[in-house]
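# Breakdown of the fold
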Amino acid sequence: MNTSESLADLVAAEDVLLFVNAAITATGQREFRSGVSGGMDQQLSLDFLHTYVRVNYRRVYAASLALDINDHNAARIVLALLESAGEAGAEERRVEGRLIAARLAVLPPQRVYRLFGAVRRAGINNRRTRAIMRDWLAARPDLGHDAVKYRNGVKTAARHVHLRCPPGAEPLPEVGAFLFRPGKLPRYAHPLLDAWRRAHYEQGAVAEVPFTVAEGFAARHGMKRAVFLERAAPRMTRLERLRTQEQRAVEGLGPDADLAVMPLTRLALYVLALPFERRVARRAELTGALRTAARRAAGEHAGSWGRVHAVLDDSFSSSGSGQKRRRPLAVALACHYLLEALAAPGAYRGLWTSGRDDALLVRPWGPTPLGMRILDALEPGPGGGEPDGSGDGEQDGPVGAGPGGTEPGGTEPDGPRSTAPDRLVIVSDGWDNAPAGLAGEVLRVWRQRLDPGRRTAVVHLNPVYDAGGFDVRRLTTGVPTAGIRDAEDLPALVEIARFAEGRTGTAELYAYLDRRVARFTGEGDGS
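### Concerning the side chain of H460
- Here H460 is to be found in strand β4 (residues 457-462).
- Side-chain polar atoms of H460 contact the side chain of T481, separated by 3.3 Å.
- Excluding residues that lie within four positions of it along the chain, H460 makes contacts with I426, S428, G430, R473, R474, L475, V479, P480, T481 and A482.

### Concerning the packing of helix α4 (residues 71-83) against helix α5 (residues 90-106)
- Running from N to C, α4 and α5 point in directions that differ by 145°, and their axes come no closer than 11 Å. As for the relative orientation of α4 and α5, their crossing is left-handed in sense. When α4 is examined against α5, the residues D71, A74, V78, L81 and L82 are found in contact with a partner set consisting of E96, I100 and R103.
- The residue inventory of the contact of α4 with α5, partitioned by class, reads 5 nonpolar, no polar and 3 charged.

### Digging into unusual backbone geometry
- The omega angle of the peptide bond from A434 to P435 is -5°, so this bond is cis rather than trans.
- With respect to the element layout, P435 can be found in the loop between β3 (423-427) and α21 (438-450).
- Unusually for a residue other than glycine, R326 sits at a positive phi of about 60°.
- When you line up the elements, R326 lands in the loop between β1 (308-312) and α18 (327-342).
- R326 sits in the partly exposed class, given a relative accessible area of 21%.
- For R454, which is not glycine, the phi dihedral falls at a positive 55°.
- A residue is classified by how much of its surface remains accessible, and R454, at 27% relative accessible area, is partly exposed.

### Digging into the nonpolar core
- Residues L104, F228, L267, L333, L339 and L490 are the most contacted members of the largest nonpolar core, which totals 128 residues.
- The element contributing the most residues to this core is α18, with 12 residues.
- L351, I374, A439 and W446 belong to the second largest nonpolar core, which has 15 residues in total.

### Considerations on helix α15 (residues 264-273)
- Burial runs high along α15: 7 of the 10 residues are buried.
- What α15 keeps buried is the set L264, T265, L267, A268, Y270, V271 and L272.

The rules we used
Residues numbered from 1 in each chain as written. Predicted model: local features only at pLDDT ≥ 70, side-chain atom pairs only at ≥ 80, totals over all residues. Heavy atoms only, no water. Helix = DSSP H or I, 4+ residues; strand = E, 2+ residues; numbered from the N terminus. Polar contact = N/O pair within 3.5 Å; in protein donor to acceptor, adjacent residues only side chain to side chain. Contact = heavy atoms within 4.5 Å. Axes fitted to C-alpha atoms, helices over the stretch in contact; angles between N-to-C directions. Left-handed = near helix turned anticlockwise from the far one by under 90°. Nonpolar A, V, L, I, M, F, W, Y, C, P; charged D, E, K, R; others polar. Buried < 20%, exposed > 50% of the residue type's maximum accessible area, 1.4 Å probe, protein only. Core = buried A, V, L, I, M, F, W, Y, C linked by side-chain atoms within 4.5 Å.

Following this line, the structure appears as structure tokens:
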């Protein structure tokens, strides 16, 4: 009986983690090894997983909204929960309502309006759904701004929830007239609504409306791109400003992007888009920005992970697909700097599958000899963080450090590297092919023969979803694997990956999910 219950717990935990991995990595887009129908394969795979987990583990399905899943899958979960509300009890609906409201609050508004359109098309029009939509609309800081920028989305949502615009509830009456009776008012009191009206015939008003709307008016008026961008800059959002600066900087057409405010993974994507010569010329600036972003992402965990070794995949498959250009390599590069920040000072060693010793100049190239690099990472030897391990060259180490970020003399602060690392982190799509299967065999022998006491914590982080396997590709059954989309989520993903080792049951997993839900919805401190 106990054996049967343990097996059922293990199966349940594996099902839950399989879904979480998919919800983190899969976006319905093609991957490197996908065929022409790769995007459709992902959609079909996700359809099955969402239905399977919602029916069998509804509590976990809803709790996933509190985890670091991507926006694509968060929106799918919200839609599925609203559509199947009749399958849940009263208490389940209460918890789901709080989770949905909390998740909608952090989703990008354009994603939420797109979700509301899907709700309308699905015919979900019960009182609870309308209340959730009304509450979200009421919390928007400026509905007039949304009416201009997301006109069709606001219009659809207002129709679906029967949003009333009573007299005196400014600016709702004007928003209603703007959406449903355009051209009836000679002017609007709301500045953005009136700017939109004037932008049809007045170039000076173009820069007053939101950037994405202004681009259409600028093209209509034949405005020069440089002039338009200069005028529109004050009204751009942070991401719009970053996106514009990145594009112009990479093309060499304008000032460089503001690296100080870029998130770590986005910064890595920006660096990889630069030609090699520009990376070399700006080595100090780019490396400093990456390390600053990594320290910001590490937060309270900085320096707390002890001795950390990493195997990082820069093989040709890390080039990604046309829809995810260089994304796997960018995740690996961002993880490189984040793991350096998480490790104890001078106790980090990064090994690229290509053998490169300069992280700033990595590019997708060659096969994936994961097994050989894992051997290098696990093998004790003198010194720590040799030039071929650190990945940044001599100019790139911390202040006072020798080549590769070690202390002068090639030793780490706690002496020569005579023991295995405290943590081994592998960032790869899992396609070990030089020779095939060596990585899994190395890890199996290491765990069973050389480190049965698990002194070294090993985790595999995979940025690529395998639609055929309904999961991210794993190296071996004895090593936990977690999907990753943004390097910033690495500490949380390493925490949840431990449940995949089979040493904890569903009780611990559910307790962890409950803590995350409580913290996410504000019902507790999550401790």
